[in-house]
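# Overview (structure and organization)
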Amino acid sequence: MSSAALALQQAIFAKLTTDAATTAALGGPRVYDDVPTRAEFPFMTFGQSTERDWSTGTDEGYEHTVTLHIWSRGYGRKEAQALIAAARDALHDQALSLAGHRLINLRHDYSEVRRDRDGETFHGIARFRAVTEVE
């Protein structure tokens, strides 16, 4: 059985790369764990994630925080904000299938957009909270 964190990331990746609105906003399925050299903008990457055990005497479960980073070179924050909205719509309160685990809930927790230090890239951050149980 895969870890709950890996199963969750795989399910999120599958959802984002097959969601019509997200892929349209990205110009294709540009969601990466490891960004390829010379990746086209805009794109989305997996950032920091955490997993906390909340198991009880009878049930095994985990609470997760998953962070997505959005990278845009569009003029202004509009493109980055649209990408965050697409990811939120694709993931928030959705019933995703996880290998070996059951997703109890997945909720958008936080997002922001800021100009990157290079002065031309906008960096969006979208954080999600999920709860999983072992099947």
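Below: a short report on this structure. (Residues numbered from 1 in each chain as written. Predicted model: local features only at pLDDT ≥ 70, side-chain atom pairs only at ≥ 80, totals over all residues. Heavy atoms only, no water.)

So, about the overall build of the protein. Check the secondary structure of the protein and you find three helices and six strands. Scaling as 2.2 N^0.38, a compact globule of 135 residues should have a C-alpha radius of gyration of about 14 Å, and the protein matches this with 15 Å. Counting the 135 residues in the protein, one finds 43% classified as buried. Within the protein, residue pairs in contact and separated by at least 24 positions form 59% of the contacts whose partners lie at least 6 positions apart. (Helix = DSSP H or I, 4+ residues; strand = E, 2+ residues; numbered from the N terminus. Rg over C-alpha atoms; globule rule 2.2 N^0.38 Å. Buried < 20%, exposed > 50% of the residue type's maximum accessible area, 1.4 Å probe, protein only. Contact = heavy atoms within 4.5 Å.)

Within this structure, the stated rule accounts for eight salt bridges. For Asp118, the salt bridge identified is with Arg73, shortest N-O distance 3.6 Å. With Asp118 in the loop between strand S5 (101-115) and strand S6 (122-134) and Arg73 in the loop between strand S3 (61-72) and helix H3 (78-91), the pair connects residues that are 45 residues apart, well separated along the chain. Overall, the relative accessible area of 39% leaves Asp118 in the partly exposed class. A salt bridge links Arg73 to Glu120; the shortest N-O distance between them is 4.0 Å. Of this pair, Arg73 sits in the loop between S3 and H3 while Glu120 sits in the loop between S5 and S6; the two residues are 47 residues apart in sequence, bridging distant segments of the chain. You can call Arg73 partly exposed: its relative accessible area is 39%. (Salt bridge = Lys/Arg side-chain N within 4 Å of Asp/Glu carboxyl O.)

Take the sheet that holds strand S4 (residues 97-98) next. Whenever strands of a sheet pair, they do so through backbone hydrogen bonds, lying parallel or antiparallel. Reading across from one edge, S1-S2-S3-S6-S5-S4 is the order of the six strands in this open sheet, with mixed pairing throughout. Lying at the two open borders of the sheet, with one neighbouring strand each, are strand S1 (31-32) and S4. Across the sheet, helix H1 (residues 4-18) lies against S1, strand S2 (43-53), S3, S4, S5 and S6, angled at about 40° from S3, the strand it touches most. (Pairing = 2+ DSSP bridges. Axes fitted to C-alpha atoms, helices over the stretch in contact; angles between N-to-C directions.)

Attention shifts here to the nonpolar core. With 27 residues, the main nonpolar core has Ile12, Leu16, Met44, Leu68, Leu91 and Leu96 as its most contacted residues. In this view, Leu96 contacts Ala11, Ile12, Lys15, Leu91, Leu103 and Leu106; residues no more than four positions away in its chain are not counted. (Core = buried A, V, L, I, M, F, W, Y, C linked by side-chain atoms within 4.5 Å.)

What follows concerns H1. Residue pairs three or four apart in sequence face the same way in an α-helix, which turns once every 3.6 residues. The terminal C-alpha atoms of H1 lie 21 Å apart, and with 15 residues this matches the ideal 21 Å at 1.5 Å per residue to within 8%. For H1, the complete set of buried residues consists of Ala4, Ala7, Leu8, Ala11, Ile12, Leu16 and Thr17. (Expected span 1.5 Å × (residues − 1).)

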